[in-house]
Amino acid sequence: VPAVEAAACGTRVIGSDWAATPDLLGGDSWAVEGQPFWDEAQSSFFKIPLIPSLIAALTEAEKHRGHSEVSVEFAKQFDANTVWDKYWRPFLKANL
């Protein structure tokens, strides 16, 4: 997941406020608003970023350049060993 990989490297992330993306944005990242768009070919909604929201996020990101320990700490919850121990191991124990 690119947003989590970037956060693990200490990079603040700009992502959409759509679908699961907000769950992948740490406390010092930005969620960009958008306009839902129906794609008939894929029978699915997408979201087109709203330019003012994107510009605002980019402007804030420029002010906060550099390494972010907040992002690194946020990304640790997605570490493979953490996910295994916290979620998979209990799930398998309860269902096998």
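Residue numbering note: each chain is counted from 1, following its sequence as written. Only residues with pLDDT of at least 70 get local features here, since the model is predicted, and only at 80 or more are side-chain atom pairs given and counted; chain-wide, interface and lining totals rely on the full set of residues. Hydrogens and waters are ignored; side-chain quantities use all the structure's heavy atoms.

(A) Geometry of the pattern of salt bridges. In the sections that follow, a salt bridge refers to a side-chain nitrogen of Lys or Arg positioned within 4 Å of a carboxyl oxygen of Asp or Glu. Applying the stated criterion across every chain yields a total of six salt bridges. One salt bridge connects Arg65 with Glu62, and the closest N-O pair in it is separated by 3.2 Å. Arg65 gets classed as exposed once you look at its relative accessible area, which sits at 65%. Exposure classes here rest on a 1.4 Å probe applied to the protein chains alone. A residue is buried below 20% of its type maximum, exposed above 50%, and partly exposed in between. Note on Glu62: relative accessible area 48%, which makes it partly exposed. The closest approach of N and O atoms between Arg89 and Asp85, which form a salt bridge, is 3.4 Å. Of this pair, Arg89 and Asp85 both sit in helix α4 (residues 80–95), four residues apart, which is roughly one turn of the helix. You can call Arg89 partly exposed: its relative accessible area is 47%. Strands are runs of DSSP state E lasting at least two residues, helices are runs of H or I lasting at least four, and both sets are numbered from the N terminus onward.

These figures come from the coordinates and say nothing about function on their own.
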